[in-house]
Amino acid sequence: MKPVIVVHGGAGRIFKEREQGCRTGVIRAALQGYSVLKQGGSALDAVEEAVRSMEDDPHFNAGCGSVLNEKGEVEMDAIIMDGKNLASGAVSAVKCIANPIKLARLVMEKTKHMLLTDHGAHLFAQAMGVPETPGEKLITQRSLERWKKNLEPDSNPEEFQKDLGTVGAVAIDSEGNVACATSTGGLSNKLVGRVGDTACIGSGGYADNCSGATSTTGHGESIMKVVLARLILYHMEQGMSPEMAADTALDYMKTRVGGLGGVIVVSNSGEWAARFSTKQMSWATVKDDELHYGIYAGEKHTKSVDEALASGSEGF
């Protein structure tokens, strides 16, 4: 099986001045994940590496760069899933951790549970020797300004929610195993303790070797209502292509509950899709040593992996 990886940097509205950073960030993540696959690594390792790369990138609403809750704190959610045996690990409302996706993987591999939250997740992280990152180190100037703006009496936080930078990755490895990973800081000025779709299996992501893997982004509460990730794979089980399954599920979410979002999908035969009902979604994929990437609907650039690696982040 030829390995494939697809990543997204969140669906929503990407402001002009941030386009370059988002584009570069998803390309870097896709190339890093693909490098794992090319060296014979697992889909699980590849999606974790790709998401870790975007958590460390302040352009995205995950890890460093996460939006703030109503109290001005970062609370993050993440999930990872292995399509081989449906094993999954997730964390929700975690603070003071640079890479929630790594903690989610530890939940999957070192506990009998699938989801740890808030204080319990914090205790588990300590027990696993995960280094603590001071909360303020995860806060960017942009997130702080947005939080303050949303506190103003006449502000409309909903307006800002259109710029959602949840990150995710899906992959298939040379052995035909699929995996997904998703990580987010959630909604700006959310209530303390709010958990969205990301940490919920079947909503923020799902992976099953019988069909494929998907990672979602967008309005979390809407995604949860339709269990978006699992819905896409259901359509694929009925014979739809990844692209048609994604469009059908996104359309259903829009008409049924008025929710917008985006998804990335890889099938168990290595077909892929990156689709969205929002204005934009930064995405990148690598298959057959070719990199494809875009932000706007209908936009798709192609480069060879060698060319992309040679040109570095300035070349996009």
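Thresholds applied
- Numbering of residues starts from 1 in every chain and runs along the sequence as written.
- Residues qualify for local features only when their pLDDT is at least 70, as the model is predicted, and side-chain atom pairs are given and counted only at 80 or more; totals for whole chains, interfaces and linings, by contrast, use all residues.
- Note: side-chain values were computed over all heavy atoms of the structure, leaving out hydrogens and water.
- UniProt positions are given in the numbering used here, feature names are shortened, and annotations may be inferred rather than shown by experiment.
- For this analysis, a ring pair means two rings from Phe, Tyr or Trp (six-membered ring only for Trp) whose centres lie within 6.5 Å, classed as stacked if their planes differ by under 30 degrees, edge-to-face if by over 60, and tilted for the remaining angles.
- Segments assigned H or I by DSSP are reported as helices when at least four residues long, segments assigned E as strands when at least two residues long, and all are numbered from the N terminus.
- Categorising residues by exposure relies on relative accessible area from a 1.4 Å probe, with only protein chains included: less than 20% of the type maximum marks a residue as buried, more than 50% marks it as exposed, and the intermediate range marks it as partly exposed.
- To estimate the expected span of a helix, subtract one from its residue number and multiply by 1.5 Å.
- Should any heavy atoms of two residues lie within 4.5 Å, those residues are counted as being in contact.

The name an unreviewed UniProt entry assigns to the protein chain is Isoaspartyl peptidase/L-asparaginase, from the organism Aythya fuligula. Here the protein chain is described in UniProt, under the heading Sequence similarities (unreviewed entry), as follows: "Belongs to the Ntn-hydrolase family."

(A) Up close: the packing of aromatic side chains. On inspection of all chains with the given rule, the structure shows one aromatic pair. Between the aromatic rings of tryptophan 272 and tryptophan 283, the centroid separation amounts to 5.5 Å while the plane-to-plane angle is 40°, which identifies the pairing as tilted. Remark: tryptophan 283 occurs in strand β11 (residues 280–287) and tryptophan 272 occurs in strand β10 (residues 272–276); sequence separation between them is eleven residues. Here tryptophan 272 and tryptophan 283 have matching classes, each one buried.

(B) View of helix α2 (residues 43–55). The first and last C-alpha atoms of α2 sit 18 Å apart over 13 residues, in line with the 18 Å expected at 1.5 Å per residue. Burial within α2 is extensive, with eleven of its 13 residues counted as buried. On its buried side, α2 packs onto β1 (4–12), α1 (16–38), β2 (76–82), α3 (100–110), β5 (167–172) and β6 (178–184).

(C) Molecular detail of α3. Looking at α3, one finds that the buried residues are Pro100, Ile101, Leu103, Ala104, Arg105, Val107 and Met108. Contacts from the buried residues of α3 go to α2, β2, β3 (87–94), β4 (115–117), α4 (118–127) and β6.

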